[in-house]
Amino acid sequence: MTTRTSIRAAVLAGLIVASWLMPRDPSVAADAPVGDTPTQTIHVAASDLKSRFVTLGVSKSVVIDLPRDIKDVLVADPHIANAVVRSSRRAYIIGISVGQTNVFFFDASGKQIAGFDIAVKRDLNGIQEAIKQVLPDADITVQGIGDGIILSGTAPNQAEAQQAFDIATRLLGVGSADTVAAGSKVVNAIVVRGQDEVMLKVTVAEVQRDVIKQLGINLTGSLNYGTAIVNFNNTNPFSAYGQSLSGSAFTAGVDNVDATLQAMEQAGVIHTLAEPNLTAVSGETATFVAGGEFPILNGYSCSSTSTTPGAPMTCQPSITFKNFGVSLNFTPVVLSEGRISLKVMTEVSDLSSNNSLVVTEPGSTATVTVPSILTRRADTTVELPSGGSLAMAGMIQDSTKHNVNGVPGLMEVPVLGQLFKSNDYVNQRTELMILVTPYVVHAVARKDLSLPDDGFADPSDPAQTLLGRLNRIYGVGGTPDPSDKYNGKYGFILD
């Protein structure tokens, strides 16, 4: 009994000594100091900091040779790319679908051997080869980002840049019914080498010929036969032209009858020539306007400043302005060397007294005449070589009006019937042509250009009074100075 007790005491003493000799963990010891914090080390075994960027096409692969034996492989998204280990130091990375992922290789000790940032894109070799085959002079690169592509590089002109965009859009949308959606995934970043500048010369030429002939007799008077009195007044309306021409009239009277003979003829020619010139960069829109504005009376706004019934009204006119003159608007696109596509809109308008509107001011006999506008306009798209001309628009119009007005029955009497009728003849002929001529132009030195006022100066008083000169010329190379001597007649000369 005594021996067992001694053994138990010795074992207990040994356990106590061992507990004092063993190291203590402050994190788990109940009597650990409150201020002590355990120290832990975190180590990043693999990251993208030292990864290589690898681009793959769908269903394309790349072979990787590593410096150490491969023990473990990590693929972030196997649905985008997959890694296949064929030997201890060789692996295949295969693109599966469009997207981005990364792949890490580890050795037996768990250290990173290599890391790859994989971008799986569309197979763009077909698009690149098609653009190169169709446009051999262009230096265009096709790059893929996600499910879209970027066209970069240079092209000789805007037409080839647009053609490359169309090819990429078509090939990207193969197998899809939505071509518009495919076009929205193509970014055109192609730079046109040395954009061409196009000068457009437009010529608007028009000739109008008018011939008006009026013949009629106005009879005014009264006839007495017994107790019966017949009053008559026959005034020729000249309805074809709308009014009587102002000119000479012969009047004669017999007893109570007055006769006025109106025999007038008018011939006129109107010549219109406009040649607006404008220059713009290929693909940009340019606008040219030379003209003015004229006021149009829209009506009157009347109000009374007094509450007294019958007080006078104050009227203010309402005015708007309408443009007229020469305008040119065009958008050129250089398709190839010397070929230009033009979208042209040209207009020539001027004021006309025909179809004018006469407005009477309220509360007054004063009238305001609002003129009409005679307009020639053409809007079309044409394709021309540089320096070539084309008749963009043309018109030949011949209008004839011949009206006979008179007293029924009496106007049919031979010879004497001419006293009771009028003849009004109007003939209008118009010939209009609009020509366009584009030129591919380049900048020139300022000294090679001339202005309309080059060499212009006011004449001296003796030259203006005696010689009838309106200007004198100076500083024009290759021409002698004008002589101040006068050898002919002076004054007003009428042909």
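Look a little higher up for the structure.
This section reports on the structure supplied with the text. This one's a predicted model, so the numbers in the text were calculated from it and none came from an experiment. (Residues numbered from 1 in each chain as written. Predicted model: local features only at pLDDT ≥ 70, side-chain atom pairs only at ≥ 80, totals over all residues. Heavy atoms only, no water.)

### Some points on the overall build of the protein
Phase 1 of the analysis: Counting its secondary structure elements, the protein contains five helices and 23 strands.
Phase 2 of the analysis: In the protein, which comprises 495 residues, the proportion classed as buried is 27%.
Phase 3 of the analysis: As displayed, the protein offers around 33100 Å² of accessible surface, 54% of which is attributable to carbon and sulfur atoms. (Helix = DSSP H or I, 4+ residues; strand = E, 2+ residues; numbered from the N terminus. Buried < 20%, exposed > 50% of the residue type's maximum accessible area, 1.4 Å probe, protein only. Areas by Shrake-Rupley, 256 points an atom, 1.4 Å probe, with all protein chains shown as cover.)

### As for the layout of surface pockets
Phase 1 of the analysis: Estimated volume of the largest pocket: approximately 790 Å³.
Phase 2 of the analysis: Surrounding the largest pocket, 28 residues form its lining, Gln208, Asp210, Ser352, Asn354 and Gln428 being those nearest its centre.
Phase 3 of the analysis: Contributing elements (two or more residues each) for the lining of the largest pocket: β11 (197-225), β14 (257-274), β18 (339-360), β19 (367-385), β20 (390-406) and β21 (421-441).
Phase 4 of the analysis: In terms of residue class, the lining of the largest pocket is built from 10 nonpolar, 12 polar and six charged. (1 Å grid on protein atoms, 1.4 Å probe; cavity = no way out; pocket = protein on both sides within 12 Å on 5 of 7 lines; lining within 4 Å. Points joined across faces, edges and corners; volume = space filled by probe spheres on them. Nonpolar A, V, L, I, M, F, W, Y, C, P; charged D, E, K, R; others polar.)

### What to know about the sheet that holds strand β3 (residues 72-75)
Phase 1 of the analysis: Judged by pairing direction, the sheet is mixed, and its four strands sit side by side in the order β1-β7-β6-β3 without closing on themselves. Since the sheet does not close on itself, it has two edges, and those belong to β1 (52-57) and β3, each with one partner. Recorded for the sheet is a direction-independent mean angle of 25° between the axes of neighbouring strands.
Phase 2 of the analysis: Note that β1 and strand β7 (residues 112-121) share six bridges and pair parallel. (Pairing = 2+ DSSP bridges. Axes fitted to C-alpha atoms, helices over the stretch in contact; angles between N-to-C directions.)

### What to know about the packing of aromatic side chains
Phase 1 of the analysis: Applying the stated criterion across every chain yields a total of two aromatic pairs.
Phase 2 of the analysis: Between Phe105 and Phe116, the aromatic rings sit 6.1 Å apart at their centres with planes inclined by 80°, giving edge-to-face as the arrangement. Here the residue Phe105 occupies a position in strand β6 (residues 99-106), and Phe116 occupies one in strand β7, the gap between them amounting to 11 residues. When sorted by exposure, Phe105 lands in the same class as Phe116, which is buried. (Phe/Tyr/Trp six-rings, centres within 6.5 Å; stacked < 30°, edge-to-face > 60°.)

### Considering the environment of Gly409
Phase 1 of the analysis: Mapped onto the elements of the fold, Gly409 is located in the loop between β20 and β21.
Phase 2 of the analysis: Put simply, Gly409 and Phe420 are 11 residues apart on the chain and 9.3 Å apart in space, counted from C-alpha to C-alpha.

### Brief notes about the packing of helix α2 (residues 125-134) against helix α3 (residues 158-172)
Phase 1 of the analysis: Here α2 crosses α3 at 145°, and the two axes come no closer than 10 Å. The two elements α2 and α3 cross, and the hand of that crossing is right-handed. Between α2 and α3, the residues in contact are Gly126, Ile127, Ala130, Ile131 and Val134 and Gln163, Ala164, Ile167, Ala168, Leu171 and Leu172, respectively.
Phase 2 of the analysis: Per-class residue counts for the contact of α2 with α3 are nine nonpolar, two polar and no charged. (Left-handed = near helix turned anticlockwise from the far one by under 90°. Contact = heavy atoms within 4.5 Å.)

### With respect to the nonpolar core
Phase 1 of the analysis: Leu200, Val202, Val204, Phe330, Leu342, Val344 and Val436 are the most contacted members of the largest nonpolar core, which has 23 residues in total.
Phase 2 of the analysis: Where this core is concerned, the elements lending two or more residues are β11, β15 (277-281), β17 (314-336), β18, β19 and β21.
Phase 3 of the analysis: Leu124, Phe165, Leu172 and Val186 belong to the second largest nonpolar core, which has 19 residues in total. (Core = buried A, V, L, I, M, F, W, Y, C linked by side-chain atoms within 4.5 Å.)

### Description of the side chain of Thr437
Phase 1 of the analysis: Within the secondary structure, Thr437 sits in strand β21.
Phase 2 of the analysis: Of note is the side chain of Thr437, whose polar atom sits 2.5 Å from the side chain of Ser389.
Phase 3 of the analysis: Each residue touching Thr437, except ones within four places of it in the same chain, is listed here: Met199, Leu200, Lys201, Gly387, Gly388 and Ser389. (Polar contact = N/O pair within 3.5 Å; in protein donor to acceptor, adjacent residues only side chain to side chain.)

### Here's the deal with the sheet that holds strand β4 (residues 81-85)
Phase 1 of the analysis: On the basis of which strands lie adjacent, the open sheet formed by three strands has the order β2-β5-β4 and antiparallel pairing. Pairing within the sheet leaves two strands with one partner each, and these edge strands are β2 (61-65) and β4. Here the strands of the sheet are splayed against their neighbours by 20° on average, with no regard to which way each runs.
Phase 2 of the analysis: Two strands pair when backbone bridges link them, and β2 and strand β5 (residues 90-95) are joined in this way by five bridges, in the antiparallel orientation. Residue pairing in the sheet places Asp65 in a bridge with Arg90 of β5.

### Things to note about a nonpolar patch on the surface
Phase 1 of the analysis: On the surface, Leu410, Val413, Val415, Leu416 and Leu419 cluster together to form a nonpolar patch covering roughly 440 Å² of accessible area.
Phase 2 of the analysis: If you trace the backbone, Val413 turns up in the loop between β20 and β21.
Phase 3 of the analysis: With relative accessibility at 36%, the residue Val413 sits in the partly exposed group. (Patch = residues over 30% accessible without salt bridge, like charges linked within 9 Å, V, L, I, M, F, W, Y side chains within 5 Å. Salt bridge = Lys/Arg side-chain N within 4 Å of Asp/Glu carboxyl O.)

### Comments concerning α3
Phase 1 of the analysis: The end-to-end C-alpha separation of α3 is 21 Å, in line with the 21 Å expected for 15 residues at 1.5 Å each.
Phase 2 of the analysis: For α3, the full list of buried residues reads Ala159, Glu160, Ala161, Ala164, Phe165, Ile167, Ala168, Thr169 and Leu172. (Expected span 1.5 Å × (residues − 1).)

### A short note on unusual backbone geometry
Phase 1 of the analysis: One non-glycine residue, Ser59, lies in the positive phi region at around 65°.
Phase 2 of the analysis: With respect to the helices and strands, the residue Ser59 is situated in the loop between β1 and β2.
Phase 3 of the analysis: Exposure remark for Ser59: the relative accessible area of 62% places this residue in the exposed category.

### What to know about the pattern of salt bridges
Phase 1 of the analysis: One pass over the full model with this rule turns up nine salt bridges.
Phase 2 of the analysis: Arg68 serves as the salt-bridge partner of Asp107, at 3.2 Å between the closest nitrogen and oxygen. Here the residue Asp107 occupies a position in the loop between β6 and β7, and Arg68 occupies one in the loop between β2 and β3, the gap between them amounting to 39 residues.
Phase 3 of the analysis: Residue class for Asp107 comes out buried when judged on its relative accessible area of 10%.
Phase 4 of the analysis: The salt bridge partner of Lys447 is Asp448, with a shortest N-O separation of 3.4 Å.
Phase 5 of the analysis: Lys447 sits in the exposed class, given a relative accessible area of 71%.
Phase 6 of the analysis: Asp448 sits in the exposed class, given a relative accessible area of 53%.

Interpretation note: all reported values are geometric properties and have no functional meaning in isolation.
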